[in-house]
Amino acid sequence: MPQSITRPATLAVAALIAILPLSAVSCSAAQKALDCGNTAVRISGDIADVTSTFNNASNDAAAAGAALQKLKNDLDQLGKNSKNTDVAKAITDLNTQVTKVQQAVDANEVPDLKPLGDAAGNLTSVCTG
């Protein structure tokens, strides 16, 4: 009788060993998807605001500064909350580009928004790749 109990117990343990890594991968993928979804929703509007302030004929420096600060605040918050290292790195890279745009604005220069767009595209690649 003990042998018949041992065999089902061994099979159950083997099944758990096989299933646990799969559930960890699934949770990791789900967490990444959640991080990416939250990030995309939050910053897409911010980036649109930044772009529109520089495309605006008046080039309102105060509006540009406010849009950049909102984007930076949102990125800081998202970076702190991101559980996925790839997403966190992409957010850090995007934050670096926001800082460069802000430095150009502070120096009364026209910022190059292409690197900002590229960093946003990289975040998209991380999230969809």
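Residues numbered from 1 in each chain as written. Predicted model: local features only at pLDDT ≥ 70, side-chain atom pairs only at ≥ 80, totals over all residues. Heavy atoms only, no water.

The next point concerns the overall build of the protein. A count of helices and strands for the protein gives 4 helices and 0 strands. Starting at the N terminus and ending at the C terminus, the protein contains elements arranged as α-α-α-α. Here the protein holds 129 residues, and the buried ones make up 28% of them. Accessible surface for the protein amounts to roughly 8,100 Å². Of this, 62% is attributable to carbon and sulfur atoms. (Helix = DSSP H or I, 4+ residues; strand = E, 2+ residues; numbered from the N terminus. Buried < 20%, exposed > 50% of the residue type's maximum accessible area, 1.4 Å probe, protein only. Areas by Shrake-Rupley, 256 points an atom, 1.4 Å probe, with all protein chains shown as cover.)

Ile-43, Leu-71 and Leu-94 are the most contacted members of the largest nonpolar core, which totals 23 residues. If you list the elements that add at least two residues to this core, you get α1 (2-55), α2 (61-81), α3 (85-106) and α4 (114-128). Of the residues forming this core, the biggest block, 7 residues, is contributed by α3. Sequence-distant contacts of Leu-71, defined by excluding residues within four places in its chain, comprise Ile-43, Asp-46, Ile-47, Val-50, Val-98 and Leu-116. (Core = buried A, V, L, I, M, F, W, Y, C linked by side-chain atoms within 4.5 Å. Contact = heavy atoms within 4.5 Å.)

On average, residues of the protein score 74 in pLDDT, and 71% of them are at 70 or above. Mean pLDDT across the elements of the protein bottoms out in α1 (61) and peaks in α3 (90). Overall, residues 1-6 carries pLDDT values under 50, and its contacts beyond four positions in sequence, including any with other chains, amount to 0 contacts. Note that pLDDT drops below 50 for residues 11-26; the model gives that stretch 1 contact with residues more than four away or on any other chain. (pLDDT = per-residue confidence, 0-100.)

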